[in-house]
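Tertiary structure, described
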Amino acid sequence: MIYEEKKEGHFLVSSQSVNAETNPNVKAENMVLLGDALFREREYRRAISTYKQALQLLKIIPKQSTSILRSSLSSVNRSSSPSSVNISTINENEVKFKIASCHAALNENKAAISEMEGIPSKVRNFPMHLMMGKLYRNTRHTRAAAACYKECLRHCPYILEAITALAELGASPKEIISLFPQTPSRSGRTLSDHAESTRWLQRYVEAQCCVAANDYKGGLEIFADLLQRFPNNVHLLLEIAKFGSHLEVLVSLLSFWRIGINMLLLLLVKVEAIIGKNDEAIMNFEKARSLDPYMVTYMDEYAILLKNKSDYAKLNKLVHDLLNVDSTRPEVFVALSVLWQRKDERGALTYAEKSIQIDERHVAGYIVKGNLLLSLNRPDAAAAAFRSAQELKPDLRSYQGLVHSYLAISKVKEALYIAREAMKAIPQSAKALKLVGDVHAKSSSGREKAKKFYESALRLEPGYLGAALALAELHVVEGRNGDAVSLLERYLKDWADDSLHVKLAQVFAATNMLQEALSHYQAALRINPQNEAAKKGLERLEKQMKGVDPDAPDEDEDNEVDDGEGDQEETELL
């Protein structure tokens, strides 16, 4: 269909009956039609050239025609989409907007900004302001970006993307809400009715500001409170009563409210993933996909969770589905990177870098890239990737990545500084407390402090297995194997987790309780057959049980002593 439009456009442009000198307006309209067809086919360079030819033709239109034409430019309520072709008279500003859209699609932000700044501010509509906000933000002109997003909300308060961007740029809820039009609509509703109808939107703003400030629990509470801001419907409430959680209620309400296809659910799921509620997040990602199987937004976060759970069957299907939906999105390449990590880490790194090439502001791409570089023993490059993520959105994962990168290159002071910054940025976070403990645990003199931080994290969040495992490891290092076993077995009563079994197996193996170690390795593999630590531990244990030194090289291995270069590499790794 697009190809047919393009062919028709070429015929219109080359028609002898439409002469550029005698009929420049019609010729220019035909050029714009051809440019739109090229845009839809993603031939952005050709589209730019065609649109510019149309603008050149406008310059030779007689002055009397130009005056009539310019009167039509004051209309800002017309469609400004690059795909809009149903125009009777060319709007020069819309053509410039289309040229800027092409440059933006090619990641040529400065060229796009130059085109957009050529459009007078008085005639910019909210799609134009929204694009300018994105462009300014991409080029780190945060004040100009915030001003554009504010103009968007003055035009229409329901542009959720602008609300999210302003929250991330540091605007307060009061500042954002003050931008909303205060006059009721022409429908004749009273001011009180208007205020009631937008109250849920104000709560949405508050939730986004909480998330932007890393107050994830507060954000979740407000998202849940949104459920009570809509008129009661007895039948709907009875149906909703069948479900047991706020998130399931939200799924039902989303289909009823039709608010932005799944977006509120996805925001909740993303928050769950960030704060570590992995099982709940996976379950609700699946709900989101059942509501809209063509959704790509945040699906890379879902891929990361599936990889962490070693559910490669679902991960493989997810990547296959995403490739069929839209193979040009950064989320798809992050998901591909996550899938390839087990097979080829360097290939996975290529996919992560591709996601960043597509969208330089895609945080998940930097996070995955940083973790891959750490795995490839390139901590300096990993630190650079995590710093890029933190500049875009300082969340727990970027803090964790930076701390681990600095520890890998023995920059303990820098690691401790970042860990403390995480505590300040994410107050009342067990994971931030554990991060500080991780730094202290690296030195024998800091182990007592590490123990206190791990215990504080567990008091704050008793179900945080990461802190429990770290504390157990600390017990083992200090020779308190019995305390480690007691702690892990206490958690094992409530959490059937493969990592708990692996840690217990390692403790038992270290104390020569081989049968108990075998039992726990097998239990870990029953829960997660893909657990690499359990596989390697079991292989090592089987050698021990046969009386073979597990550290001795296999017969087919090269037994030559490592050279100096290898010793240096080992020192760097340690």
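The chain is annotated in an unreviewed UniProt entry as Anaphase-promoting complex subunit 7 from Carnegiea gigantea.

As a further point, take the overall build of the chain. Helix and strand content of the chain: 32 helices and 0 strands. Out of the 574 residues belonging to the chain, those deemed buried represent 47%. By sequence separation, contacts in the chain at least 24 residues apart represent 50% of the contacts at least 6 residues apart. Total accessible area computed for the chain in this model is approximately 29800 Å², and 51% of it derives from carbon and sulfur atoms.

Two elements in contact, helix α25 (residues 430-440) and helix α26 (residues 447-460), have axes separated by 8 Å at closest approach and are oriented at 165°. One way to sum up the angle between α25 and α26 is to call them roughly antiparallel. Where α25 crosses over α26, the handedness of that crossing is left-handed. In this structure, α25 uses A430, L433, K434, V436, G437, D438 and H440 to contact α26, whose residues at the interface are R447, K449, A450, F453, Y454, S456, A457 and L460.

Core analysis: the biggest nonpolar cluster contains 57 residues, and L315 and V403 have the highest contact counts within it. Apart from residues no more than four positions distant in its own chain, V403 is found in contact with A415, I418, A419, L435 and V439.

Let us now look at helix α29 (residues 498-510). Between the first and last C-alpha of α29 there are 18 Å, a value that for 13 residues agrees with the 18 Å anticipated at 1.5 Å per step. For α29, the tally of buried residues reaches 10 of 13 residues, placing the bulk of the element in the interior. Considered for burial, the residues of α29 that qualify are D498, L500, H501, V502, K503, L504, A505, V507, F508 and A509. Against α27 (465-477), α28 (481-492), α30 (514-527) and α31 (532-545) lie the buried residues of α29. Looking one or two residues beyond α29, the residue adopting positive phi is N512, at roughly 65°.

All right, on to the environment of M31 then. Inspection of the secondary structure assignment puts M31 in helix α2 (residues 24-40). A relative accessible area of 5% places M31 in the buried class. For the pair formed by M31 and Y51, sequence separation is 20 residues and the distance between their alpha carbons is 6.6 Å.

What follows concerns helix α17 (residues 299-308). With 8 of 10 residues buried, α17 lies mostly within the body of the structure. If you check which residues of α17 are buried, you get M299, D300, E301, Y302, A303, I304, L305 and L306. Positive phi shows up at S310, right after α17, with a value of about 60°.

Cut-offs applied
Residues numbered from 1 in each chain as written. Predicted model: local features only at pLDDT ≥ 70, side-chain atom pairs only at ≥ 80, totals over all residues. Heavy atoms only, no water. Helix = DSSP H or I, 4+ residues; strand = E, 2+ residues; numbered from the N terminus. Buried < 20%, exposed > 50% of the residue type's maximum accessible area, 1.4 Å probe, protein only. Contact = heavy atoms within 4.5 Å. Areas by Shrake-Rupley, 256 points an atom, 1.4 Å probe, with all protein chains shown as cover. Axes fitted to C-alpha atoms, helices over the stretch in contact; angles between N-to-C directions. Parallel < 35°, antiparallel > 145°, perpendicular 65-115°, else oblique. Left-handed = near helix turned anticlockwise from the far one by under 90°. Core = buried A, V, L, I, M, F, W, Y, C linked by side-chain atoms within 4.5 Å. Expected span 1.5 Å × (residues − 1).

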